[in-house]
Amino acid sequence: MLQDYLIAYGYSVNQINKIITNYEIQNYQETKLLQKIKTINTYLENIFKEKNIVIKATSDYPQLYGYDLEYLKTKYQELQEIGYQEDELQKMLINLPILLCYSQEKIKNKIQTFTSIGYSKENILKMTIKMPQLYGYQEDKIIERINYLQKLGYSIEDIIKMTTQYPQLYSF
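About the cut-offs
- Residues numbered from 1 in each chain as written.
- Predicted model: local features only at pLDDT ≥ 70, side-chain atom pairs only at ≥ 80, totals over all residues.
- Heavy atoms only, no water.
- Helix = DSSP H or I, 4+ residues; strand = E, 2+ residues; numbered from the N terminus.
- Buried < 20%, exposed > 50% of the residue type's maximum accessible area, 1.4 Å probe, protein only.
- Contact = heavy atoms within 4.5 Å.
- Areas by Shrake-Rupley, 256 points an atom, 1.4 Å probe, with all protein chains shown as cover.
- Lys, Arg positive; Asp, Glu negative; His and termini not counted.
- Charge placed at Lys NZ, Arg CZ, Asp CG, Glu CD.
- Axes fitted to C-alpha atoms, helices over the stretch in contact; angles between N-to-C directions.
- Parallel < 35°, antiparallel > 145°, perpendicular 65-115°, else oblique.
- Left-handed = near helix turned anticlockwise from the far one by under 90°.
- Nonpolar A, V, L, I, M, F, W, Y, C, P; charged D, E, K, R; others polar.

*Asks:* With reference to specific residues and values, describe the overall build of the chain.
*Replies:* When you go through the chain residue by residue, the secondary structure sums to 10 helices and 0 strands. Beginning at the N terminus, the succession of helices and strands in the chain can be written as α-α-α-α-α-α-α-α-α-α. In terms of its C-alpha atoms, the chain occupies a principal-axis envelope of roughly 60 × 30 × 25 Å. The burial tally for the chain puts 44% of its 172 residues in the buried class. For the chain, the proportion of contacts with a sequence separation of at least 24, taken over those separated by at least 6, is 73%. Accessible surface for the chain amounts to roughly 9400 Å². Of this, 48% is attributable to carbon and sulfur atoms. Charge centroids of the chain, computed over 20 positive and 20 negative side chains, lie 2 Å from each other.

*Asks:* Run through the side chain of Gln-104, naming residues and quoting values.
*Replies:* Positionally, Gln-104 belongs in helix α7 (residues 104–117). Setting aside residues up to four positions removed in sequence, Gln-104 forms contacts with Lys-75 and Glu-78.

*Asks:* Requested: an account of the packing of helix α5 (residues 69–82) against α7, with residues and values cited.
*Replies:* One can describe the packing of α5 onto α7 by two numbers: an axis separation of 11 Å at closest approach and a directional angle of 20 degrees. By the angle class used here, α5 and α7 are roughly parallel. In this structure, α5 meets α7 at a crossing whose hand is right-handed. Taking contact as the criterion, the partners of Lys-75, Glu-78, Leu-79 and Ile-82 in α5 are, on α7, Gln-104, Ile-107 and Ile-111. Of the residues belonging to the contact of α5 with α7, the class tally is 4 nonpolar, 1 polar and 2 charged.

*Asks:* Can you lay out the packing of α5 against helix α6 (residues 86–95) for me, pointing to particular residues and giving the numbers?
*Replies:* Closest axis-to-axis distance for the α5/α6 pair is 10 Å, and the angle between their directions is 120 degrees. Looking at the two axes, α5 sits oblique to α6. For the crossing formed where α5 meets α6, the hand is right-handed. For the pair α5 and α6, contact is made by Tyr-76, Leu-79 and Gln-80 and by Glu-86, Leu-89 and Leu-93, respectively. When the residues that make up the contact of α5 with α6 are grouped by side-chain class, the tally is 4 nonpolar, 1 polar and 1 charged.

Printed below as a string of structure tokens:
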């Protein structure tokens, strides 16, 4: 039943195996899991607008199915409250679907870290739209990267301008 639905939806056998062996959903009864997957896929279709993106997101991060729909909706709303528009969230979640599962505290702490460095909210939004993975970076690694760039002779203002334009600088 579950596999039939996933195949009909467009998942490959490898993607299905990755989903059904995910530890966060293994304890669900098949009919309950099937309903949960259908519900979450429908919700994600509204965000991503394309089934192939839903398939990629959920096969890369099958733990999304371990969350309740209301939880995912709340997380999406919290991201909107931070200041992201729907099209920006779509882009971010295509790059990092698991962002829907990050705690509000984790996101707020990261925003506070960047604010304490001197970033404006607008700069933080621009950076994280381009590279939502920044929300997963450890604060000490961010500070370490800034210190390194300062040792190279860049001012904090230059670093903010550079990393706002090219947030990938934090990944080196």
